[in-house]
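Structure assessment
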Amino acid sequence: MLTDMDFDSTTLLIVISALSNLKKLQQGRVLHGITLKWELNSNRFLGNALLDMLSTVLVILPSCNSEKDVQFGESTHCWIVKSGFLEDFLAVNALMLMYLNCRDVRSSISLLETNKDIADIVSWNTIIVGSVQNGCYIESLKAFNKMQSDTDIGPDSITLVSVISASGNLELKYYGAFIHGLAQKTLSENDIQGNSFIYSALVDMYSKCGRLEAAVKIFRITSSTFIALISACTHSGFVDEGWKHYNCLVRKFGIKPTIKHHVCMVHMLGRAGRLDEAYECIKRIANPPESGVWGALLSACKDHGDLEMEKSVAEHLIALEPENTGYYILLANMYSAAGRWNDVIEVRKEIQDKQLRKPPGWSSIDLLP
């Protein structure tokens, strides 16, 4: 057991510094407790050593990124409070980020609320962005509203991207439009158009809210814009709107569709169960049809259990890539699932006749010298 004769401030200084360099935080916290118990914390050199240890803690905290790390994070939180370091906004921000990384949004918000006086834009953005990343969109918007009402801190582009994203995910079209107006008021139009994150977030938000015309009218039109719009139509079930935007891409803006546009169109039609239309779409718009486009239809056929069309699509893929053994195996598996064993035998015979071989799997290891 340690007594007051076993150490002095110089000894503690050396040991705490060593533990900090070795990132031995648990042992460092124990020795810090000893400095408090024996009233050695007023020593200036010891204080600097403890600050160094705090810096180490702040570097390590972000590595806590799962629920199993919460216990370590909470004990570190307690140590920071007892040490009087919680008045440092860097410590608050690091702790909030740790809780968010560990999926504990509530603790992170509580930490911000009790330390609002020292919070900066990074603190608020940590909550707003982290809540969105955890799927807590309402909490993100609540934090944004509180920042607007309770502080003089204005939003930056990081804030706006996250709030726009939260609005889109909640399909709050009026609130989203309000944030768009705020973005125009806060940033110049060049900043908005030049910031790909804000631009993409606004297109995504308006698309998810069903305001597709607004998304087209307001922003500069690129090939990627229409991919985002058609994808939004896919998830919203707006098939006719998707066709409208695809036709607009070609006729109004003269943009040549790419395989990505074709895949999006087929995926949209397939998801809506309009498999025949998707099949005709491929033959009409994709010239020549690419394997990726047929693959999108094949996936839709599987989802809707249309074996005959699935067979037809697989045969198109085999015609495009006759040496791809995977397509034959896929076709055989389809027949097998349907109990069509004679067809399975036929496909396997074709594989043997063409002397096709499945590419061998491989792995690698590093041999240490």
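My aim in this report is to walk through the structure given alongside it, one point at a time. Please read all numbers here as calculations on a predicted model, not as lab measurements. (Residues numbered from 1 in each chain as written. Predicted model: local features only at pLDDT ≥ 70, side-chain atom pairs only at ≥ 80, totals over all residues. Heavy atoms only, no water.)

Digging into the side chain of Ser131
Under the convention used in this document: Helical segments are the DSSP runs of H or I of at least four residues, strand segments are the runs of E of at least two, and each set is numbered from the N terminus. To sort residues, take the accessible area from a 1.4 Å probe on protein chains only and compare it with the maximum for the residue type: under 20% means buried, over 50% means exposed, and anything in between is partly exposed. Contacts are residue-level and defined by heavy atoms, with any inter-residue pair within 4.5 Å sufficient.
For Ser131, the position within the fold is in helix α7 (residues 121-133). Overall, the relative accessible area of 0% leaves Ser131 in the buried class. Discounting chain neighbours no more than four positions away, the residues touching Ser131 are Leu100, Val105, Cys136, Tyr137, Glu139 and Ser140.

Comments concerning the pattern of salt bridges
Opposite charge on two side chains lets them pair, provided their charged atoms get close. Heads up, the condition is: Any Lys or Arg side-chain nitrogen located within 4 Å of an Asp or Glu carboxyl oxygen qualifies as a salt bridge.
In total, this model carries 10 salt bridges according to the counting rule given. Where Glu310 meets Lys302, a salt bridge forms, and the shortest distance between an N and an O atom there is 3.3 Å. Here Glu310 falls in the buried class, since its relative accessible area comes to 7%. For Arg340, the salt bridge goes to Asp343, with nearest N and O atoms at 2.8 Å. Using a relative accessible area of 25% as the deciding quantity, one classes Arg340 as partly exposed. Put simply, Lys116, Lys146 and Asp150 are held in one network by salt bridges that share partners.

Some remarks on the environment of Val263
By the element assignment, Val263 lies in helix α16 (residues 259-271). When its relative accessible area of 27% is taken as the criterion, Val263 is described as partly exposed. In sequence terms Val263 and Gly295 are 32 residues apart; their C-alpha atoms lie 8.5 Å from each other. When near neighbours in sequence (up to four residues on either side) are disregarded, Val263 contacts Gly292, Val293 and Ala296.

Regarding the packing of helix α8 (residues 137-150) against helix α10 (residues 173-186)
Note the threshold: Here an angle of 0 to 180 degrees is reported between the N-to-C directions of two axes, which are lines fitted to C-alpha atoms, with helices fitted over the stretch in contact. Just so you know how the angles are binned, under 35 degrees is roughly parallel, over 145 roughly antiparallel, 65 to 115 roughly perpendicular, and the rest oblique. Should the near helix be turned anticlockwise from the far one by less than a right angle, the crossing is left-handed, and should it be turned clockwise, the crossing is right-handed. In this count, Pro and Cys sit with the nonpolar residues alongside Ala, Val, Leu, Ile, Met, Phe, Trp and Tyr, while Asp, Glu, Lys and Arg are called charged and the others, Gly among them, polar.
It is the contact of α8 with α10, at a shortest axis distance of 14 Å, that shows an interaxial angle of 45 degrees. On the basis of the axis angle, α8 is oblique to α10. Note that α8 runs across α10; the crossing there is left-handed. Where α8 approaches α10, its residues Leu141, Phe144, Asn145 and Gln148 are matched on the opposing element by Tyr175, Ile179 and Leu182. Of the residues in the contact of α8 with α10, the class split is five nonpolar, two polar and no charged.

Some points on helix α17 (residues 275-285)
Note: α-helices contain 3.6 residues per turn, so residues at a spacing of three or four share the same orientation. The test is simple: The arc under discussion is defined with respect to the helix axis, by the directions toward the C-beta atoms.
Looking only at α17, the buried set comprises Leu275, Ala278, Tyr279, Cys281, Ile282 and Ile285. Relative to the axis of α17, the buried residues are bounded by an arc of 160 degrees and lie together on one face. Pointing more than 90 degrees away from the buried face of α17 are the exposed residues Asp276 and Arg284.

Considering helix α15 (residues 239-251)
To be explicit about the condition: Given a helix with a known number of residues, its expected span is that number minus one, times 1.5 Å.
In a regular helix each residue adds 1.5 Å, so 13 residues correspond to 18 Å; α15 covers 18 Å between its end C-alpha atoms and thus fits that length. Listed in full, the buried residues belonging to α15 are Val239, Gly242, Trp243, His245, Tyr246, Cys248 and Leu249.

Some points on the nonpolar core
Here is the rule: The term nonpolar core refers to a set of buried residues drawn from Ala, Val, Leu, Ile, Met, Phe, Trp, Tyr and Cys, joined through side-chain atoms within 4.5 Å.
Ranked by size, the top nonpolar core spans 44 residues in total, and within it Met265, Leu297 and Val313 carry the most contacts. Those elements giving two or more residues to this core turn out to be α14 (223-236), α15, α16, α17, α18 (291-304), α19 (307-320), α20 (325-337) and α21 (341-353). When residues of this core are assigned to their parent elements, the largest contribution, seven residues, is made by α18. If sequence neighbours within four positions are ignored, Val313 has contacts with Trp294, Leu297, Leu298 and Cys301. Counting residues in hydrophobic clusters, the runner-up holds 43 residues, among them Leu86, Cys102, Ile128 and Tyr206.

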